[in-house]
Amino acid sequence: MMLVSLVGAAPAIAHHSTAMYDYKNTKVLNGTVKEFRWTNPHMFIKLMVSDAQGNSVEWSVECGTPNINARHGWKPSDIKAGDQLTMEINPLRDGTLGATLKWVQLPDGRKLWGPAEDIVAVPGPGAAGAPGPQPPPPPAR
């Protein structure tokens, strides 16, 4: 019994947290694809973007898993090095140039959705703007 429970826990242990992304902060990036990796466990776009000083900087944007994205219409041929893309991202909390994808607009105008689109940031308990106790629902009629 103990062995069975340990084997079943292995996939849960292997998956990592997404706490490193700031889901309350979004940015729109416009840039040129340096590299697109259609790999497990996560796909990545390496995007060259001009910073505030006009320097070209590289962003590494996580795009979710190939399996799930393929079911949502992604194809390995959708993004190629040299493509000009616009994307909305949730950046890394530590300020390094990495992010998780909300959506990407392809050169042909199509929009593909990333894993961050499914996550909604809400303030934690006691934070400014956090929802307080909710009144009970009205009685059914």
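Note that the coordinates shown come from a computational prediction; the quantities given were computed from them, not determined experimentally. (Residues numbered from 1 in each chain as written. Predicted model: local features only at pLDDT ≥ 70, side-chain atom pairs only at ≥ 80, totals over all residues. Heavy atoms only, no water.)

Peer 1: Explanation requested: the packing of aromatic side chains in the structure shown.
Peer 2: Aromatic ring pairs: the centre-centre distance and the angle between the two ring planes describe each pair. The full count for this structure, using the stated rule, is 2 aromatic pairs. When the centroid spacing of 6.3 Å and the interplanar angle of 70° are considered together, the rings of Tyr21 and Tyr23 count as edge-to-face. In this pair, the class of Tyr21 matches that of Tyr23, namely buried. With a centroid separation of 6.3 Å and 75° between ring planes, the pair formed by Phe36 and Trp38 is classed as edge-to-face. Judged by relative accessible area, Trp38 falls into the partly exposed class, the value being 28%. When the ring centre of Trp103 is taken as reference, the NZ or CZ atom of Lys111 above it lies at 3.9 Å. (Phe/Tyr/Trp six-rings, centres within 6.5 Å; stacked < 30°, edge-to-face > 60°. Buried < 20%, exposed > 50% of the residue type's maximum accessible area, 1.4 Å probe, protein only. Lys NZ or Arg CZ within 6 Å of the ring centre and 35° of its normal.)

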